[in-house]
Amino acid sequence: YRIRSFVDAINWRVVLPDVAGVGDVAIRILHEYKTIGRTGYAALQRPKPEHIMQAMVYCACFCIPVVTFLYFDKDRCQIADFNIPFDPYIWGTVANKIKTVLGYVDSKEMPPWDITAAIQNPPECLECEYFKFCNPPIKIKKK
């Protein structure tokens, strides 16, 4: 998939003791650390969808069954954590998107912004290093 990224942390061996009918079980757990402001933190009920998509890529690449998201409220020094299992459906959606984008890359054709965007919120595209190439539909306010 030509993936290049950075994983925040992986616990390679977490032992779950005395699993009923099995005994001790060791699993791997992926950690994703996210900083967020007070407003976003207050509204946080679960990991953001784009963060889940990112984590499913890591889980698939490293064969990891569980992700722990740690959201840090940078304004009030609070932490929220969420544990989610690997979701093969989400991974399938992400893998199909990657294949589509690679098809454009291999044919040397510029893909439409909405196919390559990790999120469908063009204002967040302003910080992307590829903004000037994909030209998302956004109005830039002039000072």
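Scroll up a little and you will see the structure.
Presented here is an overview of the structure given in this document. (Residues numbered from 1 in each chain as written. Predicted model: local features only at pLDDT ≥ 70, side-chain atom pairs only at ≥ 80, totals over all residues. Heavy atoms only, no water.)

1. Overview of the packing of helix H2 (residues 49-62) against helix H3 (residues 88-106)
Direction vectors running N to C along H2 and H3 enclose 95 degrees, while the axes themselves pass 9 Å from each other. One way to sum up the angle between H2 and H3 is to call them roughly perpendicular. Packed against H2, whose contacting residues are Ile52, Met53, Met56, Val57 and Ala60, the element H3 presents Ile90, Trp91 and Val94 at the interface. Looking at the contact of H2 with H3 residue by residue, the classes come out as 8 nonpolar, no polar and no charged. (Axes fitted to C-alpha atoms, helices over the stretch in contact; angles between N-to-C directions. Helix = DSSP H or I, 4+ residues; strand = E, 2+ residues; numbered from the N terminus. Parallel < 35°, antiparallel > 145°, perpendicular 65-115°, else oblique. Contact = heavy atoms within 4.5 Å. Nonpolar A, V, L, I, M, F, W, Y, C, P; charged D, E, K, R; others polar.)

2. Re the side chain of histidine 51
Residue placement: histidine 51 occurs in helix H2. At 2.7 Å, the side chain of histidine 51 forms a polar contact with the side chain of tyrosine 71. With sequence-adjacent residues up to four places away left out, histidine 51 is seen in contact with Lys34, Phe69 and Tyr71. (Polar contact = N/O pair within 3.5 Å; in protein donor to acceptor, adjacent residues only side chain to side chain.)

3. Focus: unusual backbone geometry
In this structure, aspartate 18 is a non-glycine residue whose phi angle is positive, near 50 degrees. Residue position: aspartate 18 is located in strand E1 (residues 9-19). A positive phi angle, near 55 degrees, is found at cysteine 63, a position not held by glycine.

4. A look at the pairing of strand E3 (residues 66-73)
Looking down a regular strand, the side chains alternate between one sheet face and the other. Along E3, 6 of the 8 residues are buried, which leaves the element largely enclosed by surrounding structure. Summarising the sheet, strand E2 (residues 23-36) and E3 pair through 8 bridges and their orientation is parallel. If you follow histidine 31 over to E3, its bridge partner there is threonine 68. Here 8 bridges tie E3 to strand E4 (residues 78-85), and the two strands are oriented antiparallel to one another. By the bridge assignment, valine 66 is partnered in E4 with proline 85. (Buried < 20%, exposed > 50% of the residue type's maximum accessible area, 1.4 Å probe, protein only. Pairing = 2+ DSSP bridges.)

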